[in-house]
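Examining the three-dimensional arrangement
Residues per chain, in single letters:
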Amino acid sequence: MIPIYIIIVSLFLWILNYFFPSRNAGVGLRFPGAFRTLKQWQKLQSRFYIIIITSNILILLYSFVANTSDEKIIVYSIVSVIFSGLISFFSTFKR
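Figured I'd write up the structure that's included with this text. (Residues numbered from 1 in each chain as written. Predicted model: local features only at pLDDT ≥ 70, side-chain atom pairs only at ≥ 80, totals over all residues. Heavy atoms only, no water.)

All right, on to helix H1 (residues 2-19) then. For H1, spanning 18 residues, the distance from its first C-alpha to its last is 26 Å, which sits close to the expected 26 Å at 1.5 Å a residue. Among the residues of H1, those classed as buried are Pro 3, Ile 6, Ile 7, Ser 10 and Asn 17. Taken around the axis of H1, the buried residues stretch over an arc of 100°, which confines them to a single face. Residues of H1 that are exposed and point more than 90 degrees away from the buried face comprise Tyr 5, Ile 8, Phe 12 and Phe 19. (Helix = DSSP H or I, 4+ residues; strand = E, 2+ residues; numbered from the N terminus. Expected span 1.5 Å × (residues − 1). Buried < 20%, exposed > 50% of the residue type's maximum accessible area, 1.4 Å probe, protein only. Arc of directions from axis to C-beta.)

Here's what the structure looks like:
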């Protein structure tokens, strides 16, 4: 099932982000208005991975309860990744 793979990859990336936050900091720090420090970029990435993990656990539990097709589960997982990115990105502008 695709949600399990997404959860595993997200957990791995979340752990990498926790221990090695500067591995992709060059991308985040190119947006100086939103991310002035490495800590802000690390916080945004952590929020993104937590939302992905939580939503895909819910999708996985839903797939066990309801008899849904694999195509719907894949679409739900892809949509959850897109919405997780949008939620975590736009939450930086709520100040």
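The discussion continues.
Turning our eyes to something else, we now look at the packing of H1 against helix H4 (residues 70-90). For the pair H1 and H4, the least separation of the axes is 9 Å and the interaxial angle reads 30°. Taken together, the axis directions place H1 and H4 in an arrangement best described as roughly parallel. Mapping the contact onto sequence places Ile 2, Pro 3 and Ile 6 in H1 and Ile 73, Ile 74, Ser 77 and Val 81 in H4. (Axes fitted to C-alpha atoms, helices over the stretch in contact; angles between N-to-C directions. Parallel < 35°, antiparallel > 145°, perpendicular 65-115°, else oblique. Contact = heavy atoms within 4.5 Å.)

The next subject is H4. With 21 residues, H4 should reach 30 Å at 1.5 Å per residue; the first-to-last C-alpha distance of 30 Å fits that figure. Along H4, the residues that are buried comprise Ile 73, Ser 77, Ser 80, Ser 84 and Ser 88. When H4 is viewed along its axis, its buried side chains cluster within an angular range of 55° and face the same direction. Across H4 from its buried face, at more than 90 degrees, point the exposed residues Glu 71 and Phe 90.

Here we come to the packing of aromatic side chains. The tally for this structure, following the rule as stated, stands at 2 aromatic pairs. Judged by centre distance (5.5 Å) and plane angle (55°), the rings of Phe 48 and Tyr 49 are tilted. Look at Tyr 62 and Tyr 76: their rings are 6.3 Å apart centre to centre, the planes differ by 65°, and that puts the pair in the edge-to-face class. Taken together, the positions of Tyr 62 in helix H3 (residues 38-65) and Tyr 76 in helix H4 put the pair 14 residues apart, joining distant regions of the chain. A residue is classified by how much of its surface remains accessible, and Tyr 62, at 41% relative accessible area, is partly exposed. Tyr 76 sits in the partly exposed class, given a relative accessible area of 34%. (Phe/Tyr/Trp six-rings, centres within 6.5 Å; stacked < 30°, edge-to-face > 60°.)

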